[in-house]
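Here is how the chains run, residue by residue.
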Amino acid sequence: MSHEYVPEIATDRDGNQHEVQGWQDDFYGGKLGFWLFMLTEVMMFGAMFLALAYYNALHPQDFLDASASLNRLLGGTNTVILLVSALTMGLGLLKIRSGDVKGAKLMIWATIILAVAFLVIKGFEWRAEYNHGIFLMHDQLLPESSLPFGQKLFFGLYFSMTGLHGVHIIIGIGLMIWLLKRINAGKVSPEHHILHWNIALYWDIVHLIWVFVFPYYYMIGAGGATGGH
Amino acid sequence: MDTKTINYQEEKKVYYKVLVGLLLLTAVTFIQPHYFMQGSTFLAQMLIAVVKAWLILIYYMHLKGEKLITAMVWFSLFLVTVFFVIVIGIDVPNFQYEAESHITAPQAH
C-alpha cells in the first residue's frame, strides 16, 4: 500500500490554485498531539495514585508495614536502570537529530536491553512475593487470610500499578523495535524524526511514573515502624 | 523550539548533568529515612520525587521554552491537585461509612 503524499489543491475565487498545507511536516502538531495523549496517561495513573492515597489515609500503619516488607534493593536497581535508559533514549534522539543514524540505533538497542533488564528484575521480585504467598487472588491476599486488611489493599494496588507500569514498558519495547524498523526503512531520518521524538517522550513518561511509584511503594516504610507518617 | 539545528556536544553535556542530578536524588531517596526528615518520610520522599520529575520534564522532555505545552501540564497538575484536595483533604477526614464499607477493616463491620 502506497503512502505517497498527494497534495490537496484549493481554488480561490479568482480561479487560482493553491496547494493546501500538508500535515506531514507539522512537527509541532505531532508533538502537541502526543502531549495530549500523555495527559491521558497522567489521568489514568493519577486516578490510581488517588485510590492509593485514599486507602493509605484510611490504613496508614498497614501501608507502612507493607511498604517496609518490599525489596528496596531490587526496586532501587530498577530505578537506576530506568534512569540510565532515559539517558540512552535521549542520547539516541540527539544522535539522530545530529545526523548520526547508526549511533541513534545503537542507543535505541541499549534502551531496549535496559527495558528488558527492568522486566526481568521485576519478574524476580514478583516471583519472590508469590513464593511468600503475596500475589493477586492468592494465599495471603485472599479475604479469609489473616494479613491486615490495609496490607491487602496496599499489595493489591502494588501489583496493579507496577503491573500496568510493566505493560507500558513492554509497549515501549515494541515501539522502539518499530522505530528501528522505520529508521532502517528510511522513514525516520535526521530531517523527519517526530516519531523518534514522541517515542522518547513516551519513554520519559514511563520513567516519570516510576519516579512516583518507587518512593510511594518502596520507601514510605523505610523509616521503621512509624515510618514518619 | 528549533529541532532541526543542534549542538550535539552541548546538549549531550546537559543530558549527563541531569543524569548525575537524578542519580544523586535517587541516593538521597535511600538515605533520607535514616538521616533527615525522619518524622515526615512520606513528605520528604514525595518532595524528592517532585524535584526529579521537574528535571525530567524540563530537560529530558524538552519543556524548557515550550509555553503552550507547559501551560497544559500546569493545568492538568492543577486538576489533579483539586481532586486530591477534595478526596484526601475533605472526604477522608469525614469518612463515616465504616459499618457498610468494603475499604475498611472487616472488624469494623
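Remember, predicted model here, so these are calculated numbers, not experimental data.

J.: Give a description of the domain arrangement of chain B that names residues and reports values.
T.: All names here are of chain B. When the domains of chain B are assigned, the result is domain 1 (1–65) and domain 2 (66–109). At the junction of the two partners, domain 1 supplies four residues and domain 2 supplies four residues. When the residues that make up the side of domain 1 that touches domain 2 are grouped by side-chain class, the tally is two nonpolar, two polar and no charged.

J.: Please give an account of unusual backbone geometry that cites residues and values.
T.: If you check the backbone angles, M137 of chain A has positive phi at about 60° while not being a glycine. Tracing the sequence through the fold places M137 of chain A in the loop between β3 (134–135) and β4 (138–139). Classification of M137 of chain A by C-beta neighbours within 10 Å gives exposed; the count is 8. In this structure, M37 of chain B is a non-glycine residue whose phi angle is positive, near 50°. Along the chain, M37 of chain B falls in the loop between α1 (8–35) and α2 (41–60).

J.: Residues and numbers for the interface of chain B and chain A, please.
T.: Counting from both sides, the interface comprises 41 residues of chain B and, opposite them, 38 residues of chain A. Taken together, the elements giving at least two residues each to the side of chain B that touches chain A come down to α1, α2 and α3 (67–91) of chain B. Across the side of chain B that touches chain A, the residue classes tally to 28 nonpolar, ten polar and three charged.

About the cut-offs
Residues numbered from 1 in each chain as written. Chains lettered and ligands numbered in written order. Predicted model: local features only at pLDDT ≥ 70, side-chain atom pairs only at ≥ 80, totals over all residues. Domains from an automatic or database assignment. Contact = placed C-beta atoms within 7 Å. Nonpolar A, V, L, I, M, F, W, Y, C, P; charged D, E, K, R; others polar. Helix = DSSP H or I, 4+ residues; strand = E, 2+ residues; numbered from the N terminus. Buried ≥ 20, exposed ≤ 12 C-beta atoms within 10 Å, placed from the backbone.

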